[in-house]
There are 2 protein chains.
Amino acid sequence: MEEQGGVELMNPHIQSMEEDVLYHLALGSGSHDLKQMFGDVQFVCMGGTPQRMKSFAEYMLDQLDIQLPTGSQLLDISERSHRYAMYKVGPILSISHGMGMPSASILLHEVIKLMYHAGVQNPTFFRIGTCGGIGLQPGTVVVTEEAVDGTLRPYLDTIILGNVVSREAKLDLNLAKKLVDVGKEQDGFGTVLGKTISTNDFYEGQGRLDGAVCEYTEEDKMAYLHRVSQKGVTNMEMEALVFAGLTHKAGIRSAVVCVALLDRLKGDQVDVLRTDDWSQEMF
Amino acid sequence: MEEQGGVELMNPHIQSMEEDVLYHLALGSGSHDLKQMFGDVQFVCMGGTPQRMKSFAEYMLDQLDIQLPTGSQLLDISERSHRYAMYKVGPILSISHGMGMPSASILLHEVIKLMYHAGVQNPTFFRIGTCGGIGLQPGTVVVTEEAVDGTLRPYLDTIILGNVVSREAKLDLNLAKKLVDVGKEQDGFGTVLGKTISTNDFYEGQGRLDGAVCEYTEEDKMAYLHRVSQKGVTNMEMEALVFAGLTHKAGIRSAVVCVALLDRLKGDQVDVLRTDDWSQEMF
C-alpha cells in the first residue's frame, strides 16, 4: 500500500510567497498554470545531458504509444533558462540535471517545488545516468542500493548558514530491487544492485590517473578501488548522493539507475565518443 | 615581468599515455591536432551557460574586429560532447562550465590538459559569471579578491582516495586590481573588489528562504549575511573556489568577474527572466 498525498515542502516560507519563480526552469507559479501543465505527472526522470533526456522522452513517447496532435512536437519546456532541458510525455517528466551534485541540487529544489505547486500526488523520481563501474563489464546497469560519499558515508553534507549539516541519503530499496528484477527478466545485459560513490570531482575524486593533477600512484588508486569494492561499491558517479539526500528529505520515493561506460579496474579513460554518438545509441 | 613557459601538468602519468581523450570536450590528443587548433590561445574565458558563452564569443569577434572568412561562422567546438560549449575567437577561448564546482572542475581539468597538449604559453583564465550580491546594487560587477567556502575558508576540499585533501584557492590579486581599475575607467555601473563565497547549493547553501527545504528563519539568514558581509564578503556564487583552487595548483594566472543579479539583503528570488532574456542583454 502506497501512501497517497501531495508533495509537501519542508519550507514554511513558500506558502506566504506571492509568487515563486523557478528561475532555472524558466517557470513560475505566477506566470504559469503549473497545476494545469504538470498536475498529472507521476514519474520524474533525470539524467545528465539535454540530448540524452530528449532521446529518453522520444523513447517514452514511442513506448507509451502516445500520439502528439498533428503538427505538434516535443518542446523543451525550460529552453528559456538555458540551463536544464525539460520534456513532458504523458505522466513522465524527462529533465537534464547537468553534471555534479550542485547542478542536480538546484534542479531538485525547483522540481520538488514544481510538484508542490502542481499538486502532484505521490510522484516517483528516477536518476538515469552513466557511471564508471568497478569490476563490471561496460554496459552493465547498476541500480543503487545506497549512495555514499568518497569516504563511504551515506550522508549528504551541506554548509548551511556557516555550519555543516549532514542529512541521511536514502533511496527506496524496494523500488531498487523491483528495478533489478525487471532488468533480469528483460534484457541481454546484466543488471546489478550495489553501493554507489558520488564524488565532486571526476578525476582525482574518482581516483583517476588522467586528470590535470594527480599526486598518487597507480598502486594507490587500485588499492582504493579494491578497498571500496570489498565494501559493496559497484560504481562511481557524481549525483546520486544529493539525489537521495534531497528526495528523502522531501519524502519522495526515488531510485538511481546508471549504465557503466567502463570498468575502472581496467582503466580511466572514457572513449565511447570514438565509436559514435553513444547517447543516440542508448534509446 | 611575466614568466614565460608552457602549461605544466601536475601529473606525471599523462606523458606516458599514448592518447589523451578529453571526453567532456569531445577532443583528444590522438584524434585532433591540438597544437594547430589551440596553440595561439592566450585567454580562456568561462561562464555558466552555453548561450552566454556564445554571446560572449560573438561580442569578442566584434570587439577584436575579427573577420571570419566569407561563408564561415563560429562553431561550437565541443558540440558532440553535449556537455560544454566551446568557441574560439582569435586568442580567446569562450567555454561554458555549467553550474556548480564539480561541473566546472571537470572542465578545468580538461582545459588545463588542452593547454598542455596545445603547447600554450602562459595563458590567463577568467571566470565571467553571475552572482548574488550582498549589499550591492543589482548590475554591480564584483571582481573576486579571495574565494572562500560557506565557512569562509579559502581552501578547496576534495575527497581523494578516501581522504579529504585541502588546497589553497588563490587568484591573482594584481590581475583582480587591474580589472577593477579598468571597470572604474570605463563603465557606468559600479565595479568592486571583494571576497566571494562559493557554495555547493543555491538555496540552503546560500541562505535562501525559497528552496524546497528551509529549516531556519529570516532572522537567521540576515544574521548570516551581515556576519559574512562584515568579513569582506560581497557576493555568493557556485564556482569561484574550484576555479581558484585548480588554476592555482596548475600555476595558471586567473581572475573571477561576476555581475550581481540581485541584492541578497533585499531578497532571494532571481526574476530577471521576467524582463527578457537577460543573457542576450549583457553583450
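Residues numbered from 1 in each chain as written. Chains lettered and ligands numbered in written order. Predicted model: local features only at pLDDT ≥ 70, side-chain atom pairs only at ≥ 80, totals over all residues.

**Digging into the overall build of chain A**
Summing up its helical and strand segments, chain A has seven helices and 12 strands in all. Considered along the principal axes of its C-alpha atoms, chain A spans approximately 55 × 50 × 40 Å. For chain A, buried positions account for 52% of its 283 residues. Nonlocal contacts in chain A, meaning residues at least 24 apart in sequence, comprise 78% of its contacts between residues at least 6 apart. (Helix = DSSP H or I, 4+ residues; strand = E, 2+ residues; numbered from the N terminus. Buried ≥ 20, exposed ≤ 12 C-beta atoms within 10 Å, placed from the backbone. Contact = placed C-beta atoms within 7 Å.)

**Considerations on the interface of chain B and chain A**
Interface extent is often summarised as the accessible area lost during association of the parts. On the chain A side, the residues contacting the 61 residues of chain B number 61 residues. Sorting the residues of the side of chain B that touches chain A by element identifies α2 (50–63), α3 (101–118), β8 (155–160) and α5 (218–230) of chain B as the ones contributing at least two each. Here the element with the most residues in the side of chain B that touches chain A is α3 of chain B; it accounts for eight residues. Along the lines of polarity and charge, the residues of the side of chain B that touches chain A split into 28 nonpolar, 21 polar and 12 charged. (Nonpolar A, V, L, I, M, F, W, Y, C, P; charged D, E, K, R; others polar.)

**Some remarks on the pairing of strand β10 (residues 191–198) of chain A**
Relative to β10 of chain A, strand β7 (residues 141–148) of chain A runs parallel, the two sharing seven bridges. Along β10 of chain A, the bridge assignment pairs V141 of chain A with T191 of chain A. (Pairing = 2+ DSSP bridges.)

**Thoughts on the relation of the copies chain B and chain A**
Least-squares fitting of chain B to chain A yields an RMSD of 0.0 Å, with the superposition described by an axial translation of 0.0 Å and a rotation of 180°. Taken together, the turn and the small shift mark the pair as related by a two-fold rotation axis. (Least-squares fit on C-alpha atoms with pLDDT ≥ 70 in both.)

**What about the domain arrangement of chain A?**
All names here are of chain A. Domains assigned within chain A are domain 1 (1–122) and domain 2 (128–269). Inter-centroid distance (C-alpha atoms) of domain 1 to domain 2 is 24 Å. Counting from both sides, the interface comprises 15 residues of domain 1 and, opposite them, 15 residues of domain 2. Going through the elements one at a time, β3 (43–47) and α3 (101–118) are the ones with two or more residues in the side of domain 1 that touches domain 2. With five residues, the single largest contributor to the side of domain 1 that touches domain 2 is α3. The residue makeup of the side of domain 1 that touches domain 2, split by class, is nine nonpolar, five polar and one charged. (Domains from an automatic or database assignment.)

**Brief notes about unusual backbone geometry**
With phi around 70°, L152 of chain A is a residue other than glycine that occupies positive phi space. Along the chain, the position of L152 of chain A falls in the loop between β7 and β8 (155–160). One non-glycine residue, D65 of chain B, adopts positive backbone phi at about 50°. Secondary-structure assignment places D65 of chain B in the loop between α2 and β4 (86–89).

**A look at the packing of α3 of chain B against helix α6 (residues 240–249) of chain B**
All names here are of chain B. Close contact between α3 and α6 brings their axes to 8 Å; oriented N to C, the two are set at 30°. Relative to α6, α3 is oriented roughly parallel. You can see that α3 and α6 cross each other, and the crossing is right-handed. Counting all contacts with α3, which are made through M101, A104, S105 and L108, the residues of α6 involved are L241, V242, F243 and L246. Looking at side-chain class alone, the contact of α3 with α6 contains seven nonpolar, one polar and no charged residues. (Axes fitted to C-alpha atoms, helices over the stretch in contact; angles between N-to-C directions. Parallel < 35°, antiparallel > 145°, perpendicular 65-115°, else oblique. Left-handed = near helix turned anticlockwise from the far one by under 90°.)

**Describing the pairing of strand β10 (residues 191–198) of chain B**
By the bridge criterion, four bridges tie β10 of chain B to strand β11 (residues 233–237) of chain B in an arrangement that is parallel. Bridge pairing links T196 of chain B to N235 of chain B in β11 of chain B.

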